[in-house]
Amino acid sequence: MKTVTLFPSILAKHHLSNYSDNLLDVVKSESFSPSHNNNGGYSHDNTNILDLKEFKAVKKEILITAKDFIKNHLGHEVKKIKISGSWANKLQKNNLVPLHYHINSYVSGVLYLSKGTPIEFHTPVKPTPIFPMIKKHTKYTAPSYSVKPKKGLCVLFPANFMHSVASSQEDQERYSIGFNIVPLGKIGFPTANITIV
Ligand SMILES: [Fe+2]
């Protein structure tokens, strides 16, 4: 029997070499408001946190990593990209992040500033109409993939990937920075192009 792997998905994990522990203090010094999602923790009022001077080196490294991901793994021809928004999230005990994807974004990401409850990425493949019990999931049947937060870990993913965080059961607060990346310049082909400045 010959098998063929079809339509796989991809995300990137990169530990930022420019990460330093004092970035968490910078994040904590900014104001947070309750997230618009019920029980969804708190989000920064500053939606361009990565533009602060303290994040200069981290932001540069994220953009270099994202360019590599886009060019060498997604195979897209994109000359320039920018971070269009970035905001910190704080989850306390019993806070969760409901299932969502990022609108008005191309590649999105998250940078972790602490440990905490894993982020779950959910398969875009629809389940078969007849769904037998599965003894052991393989990479072809797994409904989700989880990433455990770690200080300085950056995860990049196509913005349409559905993801969530289960209710935090830890006493310590969980801090992360979410961000969106868009391509710049003329994108697409003659009958379907857009210019983003
Ligand atoms: Fe998200």
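Before reading on, note that the structure itself is shown above.
On a predicted model such as this, the values are computed, not experimentally measured, just so you know.

Participant: An account of the packing of aromatic side chains is needed here, citing residue identities and associated values.
Facilitator: This model, assessed by the stated rule, comprises 3 aromatic pairs. Measuring from centroid to centroid gives 6.4 Å for phenylalanine 121 and phenylalanine 161, while their planes differ by 65 degrees, and the two rings are edge-to-face. In this pair, phenylalanine 121 is assigned in strand β7 (residues 119–122) and phenylalanine 161 in the loop between β9 (153–158) and β10 (163–165), connecting sequence segments 40 residues apart. The same class applies to phenylalanine 121 as to phenylalanine 161, namely buried. Chaining the aromatic ring pairs together yields one cluster made of Phe121, Phe157 and Phe161. Positioned above the aromatic ring of tyrosine 42 is the side chain of lysine 90, whose terminal nitrogen or guanidinium carbon lies 5.2 Å from the ring centre.

Participant: Explain the environment of serine 84 to me, using residue names and the numbers behind them.
Facilitator: Tracing the sequence through the fold places serine 84 in strand β4 (residues 80–91). Distance in space between the C-alpha atoms of serine 84 and serine 20 is 23 Å, their sequence separation being 64 residues. If near-sequence neighbours (up to four positions away) are discounted, serine 84 is found in contact with Asn48, Asn104, Asn180, Ile181 and Val182.

About the criteria used
Residues numbered from 1 in each chain as written. Predicted model: local features only at pLDDT ≥ 70, side-chain atom pairs only at ≥ 80, totals over all residues. Heavy atoms only, no water. Phe/Tyr/Trp six-rings, centres within 6.5 Å; stacked < 30°, edge-to-face > 60°. Helix = DSSP H or I, 4+ residues; strand = E, 2+ residues; numbered from the N terminus. Buried < 20%, exposed > 50% of the residue type's maximum accessible area, 1.4 Å probe, protein only. Lys NZ or Arg CZ within 6 Å of the ring centre and 35° of its normal. Contact = heavy atoms within 4.5 Å.

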